[in-house]
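Now for the letters of each chain:
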Amino acid sequence: MKKFRGVKDLKPLFKMGISLLCLSFIVAFCIFNSGAVTVSASTSYIDDTHPTDPTVDRETNLTGTDGERTNLTEPGSAKDADDLQELNIANTVTVTYDNGNGTINGALRILITLTLIALAPLLLIMMTCFTRIIIVLHFTRAALATQTSPPNQVLMGLALFLTFFIMQPTLKEINETAIQPFDKGEIEQQEFFDTAMIPIRNFMYGQTQTKDVRLFMEIDDLEWDGELDSIPNAVLIPSFLISELRTGFIIGFLIYIPFIVIDMVVASVLMSMGMMMLPPTTISMPFKILLFVLADGWNLIIGSLVKTFY
């Protein structure tokens, strides 16, 4: 470690500080003097802007034809708020309708797309078989007592691929009945959403228990005649989620049973040998893995889990 020798070590620091202070004063002086400089705006006129020249026709302040375009209105020519709004044409979002078939302009379409992307994970969890699959996979890992093996990324990836596999008929029906007709302009947006929800509602209704539907219908003070058409989405989706949670926990309990038996056997053997300080889970985990591999556990669990949706 270098020793401190008093004022001699501080002289370079003093010199550096004085230099920085002088430089700061010079920069500040230049900035304040530059504020007095006036800025003027010049207006240039281009011949091919005549059809939508704001100086000729103030009702069509549009820019951007095939040629080079510019707004020819001089800076500061707005007299009121409405006139200023017409000049700020680049900062507005408009919806254009074509012969009754509404088409959303680019800015609003991007906004809707980003919103759907943000809500996509939530919709995937709520309205598909993803919930049941991920619960069963986590119960399986907990029963094996392998902590982080398989890791969360592997379980999530497996659950996603199984979800797409199980939902493939539903997605195919949505594509044929809603997406393709809407892309061809045969149906409008509201009809597109209503048609796309039909296959999803049929899937959720097939996995939802009646008592869960009745629970939410009674909470909402609605009468139910036992038909799918009389169930609103606000009732069907939470009912489907509760049913999925119940089914996932039942399957998880059944998976736990053989592994609990192994834990009990190992704990009894250790107690009889007087090895009470040795954790039973440390000894039982290799036997669990051995049993799981010999029984081809992943094949049995995944196969049985997928068959619960058919």
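Per-chain numbering applies: the sequence of each chain, read as written, is numbered from 1 onward. Only residues with pLDDT of at least 70 get local features here, since the model is predicted, and only at 80 or more are side-chain atom pairs given and counted; chain-wide, interface and lining totals rely on the full set of residues. In computing side-chain properties, one takes all heavy atoms of the structure into account and sets aside hydrogens as well as water.

Colleague: Would you mind showing me how to read the pattern of salt bridges here?
Modeller: Note that side chains of opposite charge can pair when their charged atoms are close. By definition here, a salt bridge exists when the distance from a side-chain nitrogen of Lys or Arg to a carboxyl oxygen of Asp or Glu is within 4 Å. A complete count under the given rule lists 3 salt bridges for this structure. The partner of Arg-132 in a salt bridge is Glu-244, and the shortest N-O contact between them spans 2.5 Å. Of the two residues, Arg-132 sits in helix α4 (residues 130-144) while Glu-244 sits in helix α9 (residues 233-272), which places them 112 residues apart along the sequence. Just as Arg-132 is buried, Glu-244 falls in that class too. With its nearest N and O atoms 2.9 Å apart, the salt bridge here joins Arg-246 to Asp-212. Taken as a pair, Arg-246 in helix α9 and Asp-212 in helix α8 (residues 210-219) lie far apart in primary sequence, 34 residues in all. In this scheme, a residue with accessible area under 20% of its type's maximum is buried, one over 50% is exposed, and one in between is partly exposed, where area comes from a 1.4 Å probe on protein chains only. Owing to a relative accessible area of 27%, Arg-246 belongs among the partly exposed residues under this scheme. For Asp-212, a relative accessible area of 3% translates into the label buried. Helix and strand assignments come from DSSP, with helices taken as H or I runs of at least 4 residues and strands as E runs of at least 2, each series counted from the N terminus.

Colleague: So what exactly am I meant to see when it comes to the packing of α4 against helix α5 (residues 152-166) here?
Modeller: Between two packed helices, the angle of one axis relative to the other and the distance separating the axes together describe the packing. Two elements in contact, α4 and α5, have axes separated by 9 Å at closest approach and are oriented at 145°. Handedness of the α4/α5 crossing: right-handed. Counting all contacts with α4, which are made through Phe-130, Ile-133, Ile-134, Leu-137, His-138 and Arg-141, the residues of α5 involved are Asn-152, Leu-155, Met-156, Leu-158, Ala-159, Leu-160, Leu-162, Thr-163 and Ile-166. Here the nonpolar group is Ala, Val, Leu, Ile, Met, Phe, Trp, Tyr, Cys and Pro; Asp, Glu, Lys and Arg are the charged ones; every other residue, Gly included, is treated as polar. Taken together, the residues that form the contact of α4 with α5 break down as 11 nonpolar, 3 polar and 1 charged. Axis lines are fitted through C-alpha atoms, for helices just across the contact stretch, and the angle between N-to-C directions can take any value from 0 to 180 degrees. Two helices cross in a left-handed way if the nearer one is turned anticlockwise from the farther one by less than a right angle. They cross in a right-handed way if the turn is clockwise. Only heavy atoms matter for contacts: two residues are in contact if any of them lie within 4.5 Å across the pair.

Colleague: Where do I start with the nonpolar core in this structure?
Modeller: In a soluble, globular protein the nonpolar side chains are often hidden away together inside. Judged by nonpolar contacts, the single largest core of 42 residues is most densely connected at Cys-129, Ile-133, Ile-166, Phe-203, Met-204 and Ile-255. When contributions to this core are tallied by element, the ones reaching two or more residues are α4, α5, α6 (168-183), α7 (189-207), α8, α9 and α11 (297-307). It is α4 that provides the largest number of residues to this core, a total of 8 residues. Every residue in contact with Ile-255, bar those within four places of it in the chain, is listed here: Val-136, Thr-140, Ala-143 and Ile-301. To define a nonpolar core, start from buried Ala, Val, Leu, Ile, Met, Phe, Trp, Tyr and Cys residues and group those joined through side-chain atoms within 4.5 Å.

Colleague: Could you clarify how one ought to interpret the confidence of the model for the chain in this entry?
Modeller: Residues shown with low pLDDT carry predicted positions that ought not to be read at fine detail. Confidence of the predictor in every single residue is expressed as pLDDT, which spans 0 to 100. Residues with a pLDDT of 70 or more make up 66% of the chain, whose mean pLDDT is 75. Here residues 1-7 is a poorly scored stretch, pLDDT under 50, and it has 3 contacts once near neighbours within four places are set aside; other chains count. In this model residues 58-69 is a low-confidence stretch, pLDDT under 50, and it forms 23 contacts with partners more than four residues away in sequence or in other chains.

Colleague: Would you mind going over the environment of Pro-199 with me for this structure?
Modeller: Along the chain, Pro-199 turns up in helix α7. A residue is classified by how much of its surface remains accessible, and Pro-199, at 4% relative accessible area, is buried. Spatially, the C-alpha atoms of Pro-199 and Pro-169 are 9.0 Å apart, while their sequence positions differ by 30 residues. Apart from the residues lying within four places of it in its own chain, the contact partners of Pro-199 are Thr-170, Glu-173 and Ile-174.

Colleague: How should helix α10 (residues 280-294) be read in this particular structure?
Modeller: Each α-helix winds once per 3.6 residues, and so residues spaced three or four apart point in a common direction. Multiply 1.5 Å by the residue count of a helix minus one, and that product is the helix's expected span. Between the first and last C-alpha of α10 there are 21 Å, a value that for 15 residues agrees with the 21 Å anticipated at 1.5 Å per step. By the burial criterion, the buried members of α10 are Ser-284, Lys-288 and Phe-292. Those residues of α10 that are buried are in contact with α4, α9 and α11. Just downstream of α10 lies Asp-296, where phi reads positive at about 55°.

Colleague: Honestly, a nonpolar patch on the surface in this entry has me stumped. Any pointers?
Modeller: Patches here are clusters of residues that have more than 30% relative accessible area and form no salt bridge, with a 9 Å joining cutoff for like charges and a 5 Å cutoff for nonpolar side chains (Val, Leu, Ile, Met, Phe, Trp, Tyr). Using the Shrake-Rupley algorithm and a 1.4 Å probe, accessible areas are obtained, with residue cover drawn only from the displayed protein chains. Residues Ile-250, Phe-253, Leu-254, Ile-257, Val-261, Val-265, Val-269, Met-273 and Met-275 make up a contiguous nonpolar surface patch of roughly 830 Å² in combined accessible area. Summarising the element assignment, Val-265 is placed in helix α9.

Colleague: Would you mind showing me how to read the side chain of Thr-131 here?
Modeller: Tracing the backbone shows Thr-131 in helix α4. Residue classification places Thr-131 among the buried positions, given a relative accessible area of 8%. If sequence neighbours within four positions are ignored, Thr-131 has contacts with Ile-125, Leu-241, Glu-244 and Leu-245.

Colleague: Which parts of the structure should I look at to understand unusual backbone geometry?
Modeller: A negative phi holds for most residues other than glycine; trans holds for most peptide bonds. With an omega of 0°, the peptide bond between Ser-149 and Pro-150 qualifies as cis. Of note, Pro-150 is situated in the loop between α4 and α5. For Gln-147, which is not glycine, the phi torsion reads 60° and is therefore positive. By the element assignment, Gln-147 lies in the loop between α4 and α5.

Colleague: Would you mind showing me how to read α11 here?
Modeller: Turning to α11, its buried residues are Gly-297, Ile-301, Ile-302, Leu-305 and Val-306. Each buried residue of α11 lies within a common arc of 145° when the element is viewed along its axis, so the set occupies one face. For α11, the exposed residues lying more than 90 degrees away from the buried face are Asn-299 and Lys-307. Residues of α11 that are buried in the fold lie against α4, α5, α9 and α10. The arc in question is the one traced by the directions running from the helix axis out to the C-beta atoms.

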